[in-house]
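Letter by letter, the chains look like this.
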Amino acid sequence: MLRIVAVFALLVFSTGASASEPSKDFTLASNQGANLRLAEQRGEVIMLNFWASWCGPCRQEMPLLDQLHERYSAAGFQVWGVNVDAHRSDAEKLLGKIPVDFPILFDSTSEVSKMYGIDAMPSTVFIDRDGNVRHIHKGYRDGDEATYKKIIKELIRE
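Below you will find a few notes about this structure. (Residues numbered from 1 in each chain as written. Predicted model: local features only at pLDDT ≥ 70, side-chain atom pairs only at ≥ 80, totals over all residues. Heavy atoms only, no water.)

## Things to note about the overall build of the protein
Each helix and strand in the protein was counted, giving five helices and eight strands. Counting helices and strands in the order they occur from the N terminus, the protein gives α-β-β-β-β-α-β-α-β-α-β-β-α. Counting the 158 residues in the protein, one finds 46% classified as buried. Summarising the internal contacts of the protein: among those between residues at least 6 apart in sequence, 70% fall at separations of at least 24. Surface summary for the protein: the accessible area is close to 8200 Å², and the carbon and sulfur share equals 53%. (Helix = DSSP H or I, 4+ residues; strand = E, 2+ residues; numbered from the N terminus. Buried < 20%, exposed > 50% of the residue type's maximum accessible area, 1.4 Å probe, protein only. Contact = heavy atoms within 4.5 Å. Areas by Shrake-Rupley, 256 points an atom, 1.4 Å probe, with all protein chains shown as cover.)

## A closer look at unusual backbone geometry
Backbone torsion omega between Met 121 and Pro 122 reads -15°, so that peptide bond is classified as cis. Mapped onto the elements of the fold, Pro 122 is located in the loop between α4 (111–115) and β7 (123–127). Although it is not a glycine, Ser 110 adopts a positive phi angle of roughly 65°.

## Focus: the nonpolar core
Among the nonpolar cores identified, the biggest contains 44 residues, and Phe 26, Leu 48, Phe 50, Met 62, Phe 77, Tyr 116 and Val 125 are the most heavily contacted of them. Listing elements by their share of this core, those giving two or more residues are β4 (45–51), α2 (56–72), β5 (77–83), α3 (88–97), β6 (104–106), β7, β8 (132–138) and α5 (144–157). Considering each element in turn, this core owes the most residues, six residues, to β4. Excluding residues that lie within four positions of it along the chain, Val 125 makes contacts with Ile 46, Met 47, Leu 48, Phe 50, Tyr 116, Ile 118, Val 133, His 135 and Ile 136. (Core = buried A, V, L, I, M, F, W, Y, C linked by side-chain atoms within 4.5 Å.)

## Remarks on the environment of His 135
Locating His 135 in the fold gives a position in strand β8. Taking C-alpha positions, His 135 is 9.8 Å from Tyr 148, a pair spaced 13 residues apart along the chain.

## Notes on the side chain of Asp 66
Within the fold, Asp 66 resides in helix α2. Despite its burial, Asp 66 pairs with no opposite charge; the closest candidate is Arg 71, at 14 Å N-O. Among the polar contacts listed, one links the side chain of Asp 66 to the backbone nitrogen of Asp 101, at a separation of 2.8 Å. (Lys, Arg positive; Asp, Glu negative; His and termini not counted. Salt bridge = Lys/Arg side-chain N within 4 Å of Asp/Glu carboxyl O. Polar contact = N/O pair within 3.5 Å; in protein donor to acceptor, adjacent residues only side chain to side chain.)

## Concerning a positive patch on the surface
A cluster of basic residues, Arg 71, Lys 149, Lys 153 and Arg 157, forms a positive patch on the protein surface. With respect to the secondary-structure elements, Lys 153 resides in helix α5. On the basis of relative accessibility, which here comes to 34%, the residue Lys 153 falls in the partly exposed class. (Patch = residues over 30% accessible without salt bridge, like charges linked within 9 Å, V, L, I, M, F, W, Y side chains within 5 Å. Charge placed at Lys NZ, Arg CZ, Asp CG, Glu CD.)

## Overview of the pairing of β8
The element β8 is largely enclosed, with a buried count of six among its seven residues. In textbook terms, the turn of a hairpin is the stretch between consecutive antiparallel strands, and for β7 and β8 this stretch comprises four residues, one of which, Gly 131, has a positive phi near 85°. (Pairing = 2+ DSSP bridges.)

## Some points on α3
Listed in full, the buried residues belonging to α3 are Ala 91, Leu 94 and Leu 95. The buried residues of α3 occupy an angular sector of 100° when the element is viewed end-on, so they sit on one face. Opposite the packed face of α3, turned more than 90 degrees from it, sit the exposed residues Lys 93, Gly 96 and Lys 97. Turning to α3, the residues buried within the fold contact β4, α2, β5 and β6. (Arc of directions from axis to C-beta.)

The structure is reproduced here in structure tokens:
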């Protein structure tokens, strides 16, 4: 019975449904200068968006994420883009074509991606003000930003 419950919990967690478990702390270099540490962001709603320069849906999604960051940042919301390219220069080249105002973090060894069990690009992890992972969304299709807005509003109101 315990095994069935564990499998069910894993399926719910990996399909984008609500979940709640403590986020895993990390520190990564940022394109905005200083390194950023997740644990230092308690009290903020964080959207970790794992992406790669070779990923078409990632490129399509980035301007939309920038709009969400701009719209909700005053309410205690942040978008952090976590780039998984092996070479930082690949990410920087793409950011020259698709600039964003939110911080881009560089996970060139994929350590953070592995910590969060990321196996699809893009993948988005929503973390509440208490530092708990609440939602995971894999992939991107037109219209997913409506789901993102719903989750962001829910977490900001808590």
